[in-house]
Amino acid sequence: MPEENAAAEVTAAEVTAAEVARLAGVGRAAVSNWRRRHADFPKPVGGTETSPSFSLDEVEHWLRAQGKLAEVPLRERVWQQIAAHPGGAVVALVQAGGALLVVRDRPADWLELTAVSDARMATLLRPVLDQVLGARLGPGHALAEIPLRPAAVPLLRAAAELAAELGARQAFEFLLGRHLDANPRQYTLTPDGLAALMAALAGPSGASTGSTGAAGAAPFKVLDPACGTGTLLRAVRGATALYAQDSAPELAALAALRLALNGTPQVRAAAADSLRADAFAQDTVDAVLCHPPFNERAWGHEELAYDPRWEYGFPARTESELAWVQHALAHLREGGTAVLLMPPAVAARRSGRRIRADLLRRGALRAVVALPAGAAPPYGIPLHLWVLRRPAPHAAPPAGLLLIDTAALAADDRLRSAWPAVHEAVQDAWSAYDRTGSVARAPGVSRVVPVIELLDDDVDLTPARHLPPPTAGGGPAELTAVRERLGETLGRAARLTPPAAAAPAGGTVRPPMTTVGELARAGALELHTGTGGGTGSAPVLTEQDVYTGSGPSGTLAPTADEPVLTAPGDVLVPLVGGAAIARVVDEATAGAVPGRGLALLRPDKDALDPWFLAGFLRGTANTRRASSHASTATRLDVRRLRLPRLPLAQQQGYGLRFQALAEFEDALRLAGRLGEQLVQGFHDGLSDGTVTPE
């Protein structure tokens with residue numbers, strides 16, 4: 001392909017109607033209206049009849065000419081170039097990542113390279129890039145064949161500009177995050193919080209104490225044999241070398257660049273199936289972290305029957321996870337630690353009981369941790385962590401296995417807010433066990449179970465089956481306190497019950513109506529879309545928080561943008577689900593960041609009463625009129641929600657009644673939760689004997 005044609009192919013980035021809407025900060029419907037009403041709106045250049053795509057340059061020019069866009073944000077322009085790359089987004093990310101590594105490690109060389117033409121830059125960049133990649137990733141690395149034609153140079157220049165704004169590592173994390181968000185079904189991701197917990201359990205406390213590295217610290221090498229995008233290895237602190245392998249070449253390449261940009265450890269990455277073609281067969285490491293593929297039948301059972309890694313027994317075809325366990329142990333030095341994320345069935349399947357028994361007898365398996373449901377995909381299953389250690393020859397195995405069940409620490413489906421407590425409980429129990437071989441027994445949470453108790457016919461290692469249950473509902477005293485609080489709440493709900501409804505004396509009168517969109521254009525309110533991201537450490541109000549009337553439970557996704565914080569009198573509306581919900585922010589929930597899927601309406605107090613606004617937005621007919629239906633969800637166009645045009649004094653009259661209804665609803669919601677707690681507490685107490693029938 002001639003270079004000028006290739007350049008045109010890359011630089012002529014295309015955007016969909018949804019991406020045009022994002023550029024202009026409007027809804028998708030507005031873009032459809034522009035196409036119908038403006039003859040000069042750019043014509044489609046690709047896509048399909050129902051989902052056309054447009055030239056980014058033409059769209060940008062049209063939006064600016066119409067006064068609808070001051071400037072395309074730099075990060076959005078770079079992302080559009082990534083998404084529109086003819087070789088695919090992964091190829092573009094790899095090219096951008098290589099350039100960002102040069103920007104970070106050889107900034108002076110990069111400045112010299114950018115002073116020449118695109119064609120000359122592509123020629124000069126190749127040897128510099130090879131030197132930087134070779135220094136960070138070692139000889140024979142997986143990125144030696146990154147294509148660098150002149151057509152790719154505009155993307156590399158743009159990525160460097162973004163690095164000047166955000167930093168090289170943050171720029172790559174942003175672009176990779178956008179790609180992962182845009183393709184959620186293509187990747188199985190390990191959440192950052194879980195990755196941090198797994199890394200903390202693995203060390204570097206267990207690192208060798210022998211020779212030290214160049215910086216004086218003990219060498220600490222970590223392997224992830226199913227690395228994905230490198231999330232687990234990125235969470236490791238204090239490592240001197242990181243080894244990453246994945247069967248998907250694009251993931252191995254992305255992980256290598258991500259890890260190289262994230263810190264200073266030596267990085268080695270390989271693209272191959274770790275079980276069938278172990279790229280690091282001759283290497284031993286201090287720690288292994290792994291989120292292996294679950295329930296694989298074609299993992300190599302036939303061809304690997306006599307593999308020396310099966311030190312604890314040859315795994316059955318249905319026990320691929322136990323193959324990964326032994327692969328991890330085979331790579332550990334003596335005393336090294338492995339932490340693997342496992343489906344709960346591995347702890348109890350009969351086909352794996354002999355291997356589980358041998359892992360226990362020889363002291364290789366040290367802890368099994370049951371995580372709350374939702375900790376990692378598949379989110380509906382409470383996954384397990386297995387903590388293993390390579391036994392030293394002739395060392396006596398530990399007498400007990402540490403079992404931890406964290407389900408009770410994340411009750412009421414509030415995993416995000418409860419995760420710090422989960423992390424702390426697991427790490428504290430493991431640290432105590434690792435030092436002393438025992439932990440203080442916490443009923444229903446943690447216990448060291450003698451190995452001899454576990455070596456029965458089933459060798460069932462499911463934590464909940466070996467932990468004593470906690471005292472029901474906190475015991476009789478706690479149940480009494482819940483009962484008293486329920487009585488007070490029911491009394492308050494009775495007092496707040498609305499009076500009998502009455503029809504208007506003169507019949508139904510319909511005042512003139514307006515919409516949220518019209519009020520926003522008139523300046524009577526501000527309209528913001530929640531992102532759940534920003535700078536700082538503010539809590540995040542999620543959709544679930546708005547539905548349940550609870551406080552902020554989410555955590556902030558770090559971005560360079562300054563977030564919009566909630567203030568008293570703001571109104572929050574969920575955009576997905578079709579339910580008639582609107583919540584007025586009070587002092588208790590002020591200062592939070594609106595999460596994804598929420599719209600924040602900030603009324604001018606001199607023109608709009610917040611409770612009047614929220615009350616009318618909750619009308620069932622109103623939400624039906626403003627909703628559209630996709631194949632799997634109902635989405636609300638908040639700009640189409642209607643409310644009557646009334647003087648402020650009349651609005652406040654409505655607002656008082658809507659506020660009283662909200663207080664009644666809160667009392668009913670609290671009474672329901674207390675009632676469920678009391679009923680379950682009595683069931684548990686009566687069944688375990690801590691409460692008598694009398």
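None of the values given here were measured: they were computed from a predicted structure. (Residues numbered from 1 in each chain as written. Predicted model: local features only at pLDDT ≥ 70, side-chain atom pairs only at ≥ 80, totals over all residues. Heavy atoms only, no water.)

Chemist: Is there a simple way to think about the packing of aromatic side chains in this case?
Modeler: Each aromatic ring pair is characterised by the separation of its centres together with the angle its planes make. Applying the stated rule across the entire model yields 11 aromatic pairs. Members of the aromatic cluster, joined through ring pairs, are Trp 34, Phe 41, Phe 54 and Trp 62. Lying across the ring of Phe 174, Arg 75 places its NZ or CZ 4.9 Å from the centre. (Phe/Tyr/Trp six-rings, centres within 6.5 Å; stacked < 30°, edge-to-face > 60°. Lys NZ or Arg CZ within 6 Å of the ring centre and 35° of its normal.)

Chemist: What is the right way to read the state of the cysteines from this model?
Modeler: A covalent bond between the sulfur atoms of two cysteines is referred to as a disulfide. Under the defined criterion, the tally for this structure stands at zero disulfides. With no disulfide of its own, Cys 227 has Cys 290 as its nearest cysteine by sulfur position, at a separation of 9.5 Å. The buried category is assigned to Cys 290, whose relative accessible area is 1%. (Disulfide = S-S within 2.5 Å. Buried < 20%, exposed > 50% of the residue type's maximum accessible area, 1.4 Å probe, protein only.)

Chemist: Is there a simple way to explain the pattern of salt bridges in this structure?
Modeler: Where charged atoms of side chains with opposite charge meet at close range, the side chains can pair. For the coordinates displayed, the defined rule picks out 29 salt bridges. Glu 60 is the partner of Arg 64 in a salt bridge, and the nearest nitrogen-oxygen pair spans 2.7 Å. Remark: Glu 60 and Arg 64 occur in helix α4 (residues 56-65); sequence separation between them is four residues, near one turn of the helix. Overall, Glu 60 belongs to the buried group, its relative accessible area being 8%. Between Arg 618 and Glu 665 there is a salt bridge, with its nearest N and O atoms 3.0 Å apart. On the criterion of sequence distance, the pair formed by Arg 618 in the loop between α21 (610-617) and α22 (620-625) and Glu 665 in helix α23 (residues 648-688) is long-range, its members being 47 residues apart. (Salt bridge = Lys/Arg side-chain N within 4 Å of Asp/Glu carboxyl O. Helix = DSSP H or I, 4+ residues; strand = E, 2+ residues; numbered from the N terminus.)

Chemist: How should I be thinking about the packing of α21 against α23 in this particular structure?
Modeler: Packed helix pairs are specified by the crossing angle of their axes together with the interaxial distance, meaning the distance between the axes. Remark: α21 packs on α23, axes separated minimally by 7 Å, with the N-to-C direction vectors making an angle of 65 degrees. Viewed along their axes, α21 and α23 adopt a mutual orientation that is roughly perpendicular. Every pair of crossing elements has a handedness; the one defined by α21 and α23 is left-handed. Listed contacts from α23 to Trp 611, Phe 612, Gly 615 and Phe 616 of α21 are Gln 651, Tyr 654, Gly 655, Phe 658, Gln 659 and Ala 662. The residue makeup of the contact of α21 with α23, split by class, is six nonpolar, four polar and no charged. (Axes fitted to C-alpha atoms, helices over the stretch in contact; angles between N-to-C directions. Parallel < 35°, antiparallel > 145°, perpendicular 65-115°, else oblique. Left-handed = near helix turned anticlockwise from the far one by under 90°. Contact = heavy atoms within 4.5 Å. Nonpolar A, V, L, I, M, F, W, Y, C, P; charged D, E, K, R; others polar.)

Purely spatial values, then, with no claim about function.
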